[in-house]
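# Chain and residue survey
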Amino acid sequence: EAGVVQSPRYKIIEKKQPVAFWCNPISGHNTLYWYLQNLGQGPELLIRYENEEAVDDSQLPKDRFSAERLKGVDSTLKIQPAELGDSAVYLCASSVRDGSPLHFGNGTRLTVT
Amino acid sequence: KQEVTQIPAALSVPEGENLVLNCSFTDSAIYNLQWFRQDPGKGLTSLLLIQSSQREQTSGRLNASLDKSSGRSTLYIAASQPGDSATYLCAGLSSNTGKLIFGQGTTLQVKP
């Protein structure tokens, strides 16, 4: 079984530039999550999808962050424009349904200079 | 608001020792609790998931317990090995909000 695939693994951009992250969940997993993880901290939820519907985006900074999950499979998270404080690891996870074990990708480490 | 705390933040033990990692949560309305392992530069790997109706779960040398009334979960690692060195995170799924809240993790080092 292929795991959750994220790309790119690393991204370095200058502030005010746009950036996008891509995630392909495990086949058959209906629930997809985007988390943000700062160094030494646990992940914090940005958005949760049930199929193609964003069911919890209450912690997504909508002035600069956007996400989509067209066709309820892979997903893209975008930041425009990026700020220095956005430097972190962005993790994607999926599960069969909400409440079942989460499977995480290896994350994208974003550095904003 | 659910808060999840893990103490200690770091732990170093000699190989072969049995150890316990602690996780406490403020909201007893918890649907389940999960324990994860994270290696440096990697994502999280699910170790054990305990439903609110369960008291414990076991997988190999790992045993996780859940006490909703006291707001605590523990992860017991038997006969620790250097390969167990990683950061261990617990996360509680709130029945009220549907949100999975993570602790900050305990970084474990097992010395040969």
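The rules behind the values
- Residues numbered from 1 in each chain as written.
- Chains lettered and ligands numbered in written order.
- Predicted model: local features only at pLDDT ≥ 70, side-chain atom pairs only at ≥ 80, totals over all residues.
- Heavy atoms only, no water.
- Phe/Tyr/Trp six-rings, centres within 6.5 Å; stacked < 30°, edge-to-face > 60°.
- Helix = DSSP H or I, 4+ residues; strand = E, 2+ residues; numbered from the N terminus.
- Buried < 20%, exposed > 50% of the residue type's maximum accessible area, 1.4 Å probe, protein only.
- Disulfide = S-S within 2.5 Å.

## What about the packing of aromatic side chains?
Residues and elements named next belong to chain A. Enumeration over the complete set of coordinates arrives at seven aromatic pairs over all chains. Relative to F104, the ring of Y35 has its centre 5.7 Å away and its plane inclined at 45°; by these criteria the two rings are tilted. Placement of Y35 in strand 4 (residues 31–37) and of F104 in strand 10 (residues 103–104) is noted, with a sequence separation of 69 residues between them. With relative accessibility at 1%, the residue Y35 sits in the buried group.

## Things to note about the state of the cysteines
Taken as a whole, this structure holds two disulfides over all chains when the rule is applied. Each disulfide pairs two cysteine sulfurs, and for C23(A) the partner residue is C92(A), the sulfurs being separated by 1.9 Å. A torsion of -70° about the S-S bond marks the disulfide between C23(A) and C92(A) as left-handed. Of this pair, C23(A) sits in strand 3 (residues 19–24) while C92(A) sits in strand 9 (residues 88–95), and the two are 69 residues apart along the sequence. By relative accessible area, which is 0% here, C92(A) ends up buried. Two residues, C23(B) and C90(B), share a disulfide whose sulfurs are 2.0 Å apart. Because the sign of the S-S torsion sets the handedness, a value of about 80° for the bond joining C23(B) and C90(B) places this disulfide among the right-handed ones. With C23(B) in strand 3 (residues 19–25) and C90(B) in strand 9 (residues 86–94), this pair connects stretches of sequence that are 67 residues apart. Judged by relative accessible area, which is 2%, C23(B) ranks as buried.

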